[in-house]
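So you can see what is in the structure, the chains are spelled out below.
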Amino acid sequence: MKFPLSVRRRGALLVVLAVSLLLAPIRAQRPAPKPTPAKPAPARPTPAAEQAPAVTFDTLLSADAYGIYAELRAVGRHANAEEMKQLLAPFNFEGSGAPDEMLALYNFIESHADALLTARLMFATMPVRAGLPETLLALEMPSAEEARKFVPELRQFAAANIAPPKVAPATTTLTTNATLEISNSTRRRARRRARTHEAATENATGGRRAASPAAPPFQIKRAGSLIAMSNANFTFKDLHGTGEALLVNEPQFQAARTRFSSDTLFAYFHPTRMMSSMKQRNEALEKEYRRLEEIAQAEAGKREAQGNSNLIVEDETVAVLGGGGNMNIRTDANGNANFSITTGGNTNTSNANVAPADEPPPTPEATPAPKSEKELEEERRREQSEQFAQSLASLVFGGRGATNESWSETIGLGASFDGDALVVRGLFIDLSGDQPPRPIPFLPVLLSGPSIAAEASAVLPADTDIFLSVSLDLPQMYDYLASIMKIVDLAAAQEEGKGGFGEQLTAFEKTNNFRIREELIAALGNEIAIGMPGNQFFGRRAVVRPSDNNDSPPPPSGPIIVIALNDKESLQKLLPRVLNAIGFAGATEQSVVEKHGQVEVLTFSNGTLAFIDRFLVGAPDAATMRRVTDAYNSGETLAASAPFRDSTRWQSKQGIGQVYVASAMLKSTFAEVTNSVDDIDDPAIRAYLMRLDPEPGAVTHLATRESDGLMHELRLPKNLLSLFAASQLVSQKLAAIRVNEYTAQWKLRMLHETQTRYKESHGRYGTLEELDAEKGDSHGPGDSDWSETSGYAVKLSASGDRYEATATPTGYPKLGRRSYYIDQTGSLRGGDTGGKPASQSSPIILD
């Protein structure tokens, strides 16, 4: 199959198809009554107006039926494809954690691959019109006869694999003027009485009464070669609607379907209809909530009117209810009683044995010294800048997003395998042309600039893990913000003491002596890019370095910003005022510019900037900027690196957005897969992992302008998908070992913190016994002392101002593979030592 499956929360198609049928209870499908034989009436021609339209794959749904539509083509052919078998291989092992429903569905499709060779599968969800099922599946078979034969097999599979919805057992409460309910013992006695009564009834009647058959949690109907299946009762007429506006006749749908006609998977999203579906669902939930709330209030009113006093005993808690108030009495193991009495909304709490401690009167705060005029002016300026920044951020991240104007009219998606990669393409369609193009819909202020040949990769280091470049129309973005200032001003006018956005902008420009659009934006170009190390995007990963004496430069500590320039000289003069305005202190027009080869570098208190070629480059610190300038001066840039050139070769030269994720970073992300081969006991799984290619390949993306919208194309290497699937298997198999290892690491780190505090108090490091005797010592959940942790033995030797601690597996390799060591330096070391303790010579572990 040319479209991969992933598991669980990864949004795989087959998982969605299987699990979606479990979403809601449905009514049973009632068999149609047998027709009564009647004398045939003479045939007469049926007027065209009375003829029911034929139900086909294309005429099944009206345009206003669902917000999400997808179709999978040639189901049987792709089910037997080699790509699909490779992706699902890890999930066929026992204990892989793959959902049984997913595997059962795939096995069913694979076993019927011949019958489904050219079949099309439709999936629709998020209903718009009332009365439609939440989820709909439709299967188009090659002929009506094959569809008729396939229905019984599909019904049998569904009955065996789709569980009926769980219904909470009904409960009955008897209320009298004095009702005693004891939660544990009374319920047990009630269940025993119920079983005794049931057994007596069975003996008296000679057996159990026949139970009514449960309603199946699905509906299956056929019309010609089309088979439809849903989680609720439906009719083809309801799906079809009036037939005047079919989905296939919608211009946007036709444009997307034609564009992705050769793809294995096609999906169509209509944001407006999706929002309407969500609104209807929320309204229904709110209505049901109000109904239940009214019932609860009515029951509470009845109890208050009756003045019942119900005594409820649950374990060690006694509550007396009635008369508009209640009293809770809780007793502890020592017999102490805590009373909580609530009357008329007021709660009073007391303890039978503990008197409240007297609290000292509050110490009056010292009157602060008056601020100077200069300090007050600086404070006003800071508040003004913060207020302006907050308003600007609300526009950047909100804008008109609440009115759904930032999204395209519709979104089409296609996916298929092409060579060694899965290609996913998305077309953001806007046939009306009323909206400005937005590369990221949920950031409405970002407006696409002209198609450009991205050049920012020529100034970033070759070892950049993540590269993002986008062409933006900065003047148009500024005008977009200005166009909605009136809305912001109207909202701000209703808040006392706050000026409008326009006033804030004017004051900001006057205070800082530059104009944003006429000076700053005019000096900047269209391309804006970001280069990031992998640990900034995916979080810090566990890395082992061989020793402390590592001569290689440290990895980048933060993102690198690259901005194209239209007027370099003007920006150089303007830059100090801009930096001071946004809070980067220390930059002045007299700041010394340092030359690094062909690069001009400006360093100040909050970061460092450089002018490289026609770009302004920003880095969080001098060390990171040094890496950038050295790479540029030596020609070792991202654009010149072979991995970047090879992986982006498919891209056109012109575009409005580009993304690159390096294979080296992804390889380290999935290093657990190949590094865990020896940790797996199952020889079949080990053999499978050893056959995997450890090089995942780079992830690449390109956004281009099309005549009918924006096209986003994403390429995911097959090796990456295989490694991801294998990582799920490894995680399931080694979950217990990894938990023990991480707990042992955490235990040694906590021990180091405790030793530091102990030395501050006692002038020396303590033994395990002394640490355990310390009051307020933090061990961790469920630990009784420092020497105990799951699967590991912790040992400590301390003398004066030195200590050494080790954590060694107690059952190598079943309970843990790596041993750990820490000392007074706080450096955690460790590795696979074959079950022996780690030492000071073990590699340092960096989280």
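This one's a predicted model, so the numbers in the text were calculated from it and none came from an experiment.

*Asks:* Please give an account of the overall build of the protein that cites residues and values.
*Replies:* If you tally the helices and strands in the protein, you get 24 helices and 31 strands. Considering the protein as a whole, with its 847 residues, one finds that 41% of them fall into the buried category. In the protein, once contacts between residues fewer than 6 apart in sequence are set aside, the share between residues at least 24 apart is 68%. Roughly 47200 Å² of accessible area belongs to the protein as shown, and the carbon and sulfur atoms make up 54% of that amount.

*Asks:* So what about the pattern of salt bridges? Which residues, and what values?
*Replies:* Summed over all chains, the structure comprises 31 salt bridges. A salt bridge links Glu770 to Arg764, with the nearest nitrogen and oxygen atoms 3.0 Å apart. Among the residues examined, Glu770 registers a relative accessible area of 26% and is labelled partly exposed. Salt bridges here are not isolated pairs; linked through shared partners, they connect Glu672, Asp679, Arg738, Glu741, Arg817, Arg818 and Asp832.

*Asks:* An account of unusual backbone geometry is needed here, citing residue identities and associated values.
*Replies:* Between Tyr812 and Pro813 the backbone carries a cis peptide bond, its omega angle lying at -5°. Secondary-structure assignment places Pro813 in the loop between β28 (802-809) and β29 (819-823). At Ala74, a residue that is not glycine, the phi angle is positive and equals roughly 50°. Structurally, Ala74 is set in the loop between β1 (66-72) and α2 (75-79). Judged by its relative accessible area of 9%, Ala74 is buried. At Asp613, a residue that is not glycine, the phi angle is positive and equals roughly 55°. Structurally, Asp613 can be placed in the loop between β21 (607-612) and β22 (615-619).

*Asks:* Help me get a handle on the pairing of strand β25 (residues 709-717), residues and values and all.
*Replies:* In terms of burial, β25 is largely enclosed, as 8 of its 9 residues are buried. Looking at chain direction, strand β14 (residues 421-429) and β25 are connected through 9 bridges and run antiparallel. Following the sheet pairing, Leu422 is matched in β25 by Leu716. For strand β24 (residues 699-706) and β25, the ladder comprises 7 bridges, and the chain directions are antiparallel. Within β25, the position partnered with His701 by the bridge is Leu714. Between the antiparallel neighbours β24 and β25 lie 2 residues.

*Asks:* Residues and numbers for the packing of helix α4 (residues 100-111) against helix α5 (residues 144-161), please.
*Replies:* At their nearest, the axes of α4 and α5 sit 11 Å apart, and the two run at 165° to each other. Comparing their axes, α5 and α4 come out roughly antiparallel. The handedness of the crossing between α4 and α5 is right-handed. Within the contact between the two elements, α4 uses Glu101, Ala104, Leu105 and Phe108 and α5 uses Phe150, Glu153, Leu154, Phe157 and Asn161. Of the residues contributing to the contact of α4 with α5, the split by class is 6 nonpolar, 1 polar and 2 charged.

*Asks:* Before we move on, can you summarise the packing of helix α21 (residues 683-691) against helix α22 (residues 718-733) with the specific residues and values?
*Replies:* Put simply, α21 and α22 touch, their axes get as near as 11 Å, and they point 150° apart. When the axes of α21 and α22 are compared, the pair comes out roughly antiparallel. The element α21 and its partner α22 pack so that their crossing is left-handed. Residue-level inspection shows Ile685, Tyr688 and Leu689 of α21 in contact with α22, the latter providing Ser722, Ala726, Leu729, Val730 and Lys733.

*Asks:* So what about the packing of aromatic side chains? Which residues, and what values?
*Replies:* If you walk through the whole model with that rule in mind, you get 13 aromatic pairs. Aromatic side chains Phe108 and Phe150 sit 5.8 Å apart centroid to centroid with 45° between the ring planes, which places their arrangement in the tilted category. Highlighted residues: Phe108 in helix α4 and Phe150 in helix α5, separated in sequence by 42 residues. Of the two residues, Phe108 and Phe150, both sit in the buried class. Centroid distance Phe467 to Phe644: 6.1 Å. Interplanar angle 80°. Geometry classified as edge-to-face. Taken together, the positions of Phe467 in strand β15 (residues 466-471) and Phe644 in helix α18 (residues 642-647) put the pair 177 residues apart, joining distant regions of the chain. The two residues Phe467 and Phe644 agree in class, both being buried. Among the aromatic side chains, those forming a connected cluster through ring pairs are Tyr69, Phe253, Phe266 and Tyr268. The lysine or arginine in question, Arg715, covers the ring of Trp650, its NZ or CZ lying 4.6 Å from the ring centre. Sitting over the face of the ring of Tyr765, Lys759 holds its NZ or CZ atom 5.8 Å from the ring centroid.

*Asks:* Explain the pairing of strand β3 (residues 135-140) to me, using residue names and the numbers behind them.
*Replies:* Along β3, 5 of the 6 residues are buried, which leaves the element largely enclosed by surrounding structure. One ladder, built from 6 bridges, connects strand β2 (residues 120-127) with β3; its direction is antiparallel. Looking across to β3, one finds that Met122 is bridged to Ala138. As paired elements, β3 and strand β6 (residues 226-230) share 5 bridges and run antiparallel to each other. In the sheet register, Glu140 faces β6, and the bridge partner there is Leu226.

*Asks:* Mind laying out the side chain of Gln755, listing which residues take part and the relevant values?
*Replies:* With respect to the helices, strands and loops of the structure, Gln755 is situated in helix α23 (residues 735-762). Look at Gln755 and you get buried, because its relative accessible area is 0%. When residues no more than four places from it in sequence are discounted, the contact partners of Gln755 are Tyr765, Gly766, Leu771, Leu796, Ala798 and Tyr803.

*Asks:* Please provide a residue-by-residue account of the confidence of the model for the protein, values included.
*Replies:* Any segment with low pLDDT has predicted coordinates that should not be analysed in fine detail. In the predicted model, the protein carries a mean pLDDT of 76, and 67% of its residues have values of at least 70. Confidence over residues 331-359 falls short of pLDDT 50; this stretch has 36 contacts with residues more than four positions distant or in other chains. Predicted confidence is poor over residues 398-404, with pLDDT under 50, and the contacts of this stretch with residues over four places away or in other chains come to 16 contacts.

*Asks:* Explain helix α11 (residues 474-483) to me, using residue names and the numbers behind them.
*Replies:* For the α-helix, the turn length of 3.6 residues means that residues three or four positions removed from each other point alike. Those residues of α11 that sit buried are Leu474, Met477, Tyr478, Tyr480 and Leu481. Taken down its axis, α11 places every buried residue within 155° of arc, on the same side.

The rules behind these values
Residues numbered from 1 in each chain as written. Predicted model: local features only at pLDDT ≥ 70, side-chain atom pairs only at ≥ 80, totals over all residues. Heavy atoms only, no water. Helix = DSSP H or I, 4+ residues; strand = E, 2+ residues; numbered from the N terminus. Buried < 20%, exposed > 50% of the residue type's maximum accessible area, 1.4 Å probe, protein only. Contact = heavy atoms within 4.5 Å. Areas by Shrake-Rupley, 256 points an atom, 1.4 Å probe, with all protein chains shown as cover. Salt bridge = Lys/Arg side-chain N within 4 Å of Asp/Glu carboxyl O. Pairing = 2+ DSSP bridges. Axes fitted to C-alpha atoms, helices over the stretch in contact; angles between N-to-C directions. Parallel < 35°, antiparallel > 145°, perpendicular 65-115°, else oblique. Left-handed = near helix turned anticlockwise from the far one by under 90°. Nonpolar A, V, L, I, M, F, W, Y, C, P; charged D, E, K, R; others polar. Phe/Tyr/Trp six-rings, centres within 6.5 Å; stacked < 30°, edge-to-face > 60°. Lys NZ or Arg CZ within 6 Å of the ring centre and 35° of its normal. pLDDT = per-residue confidence, 0-100. Arc of directions from axis to C-beta.

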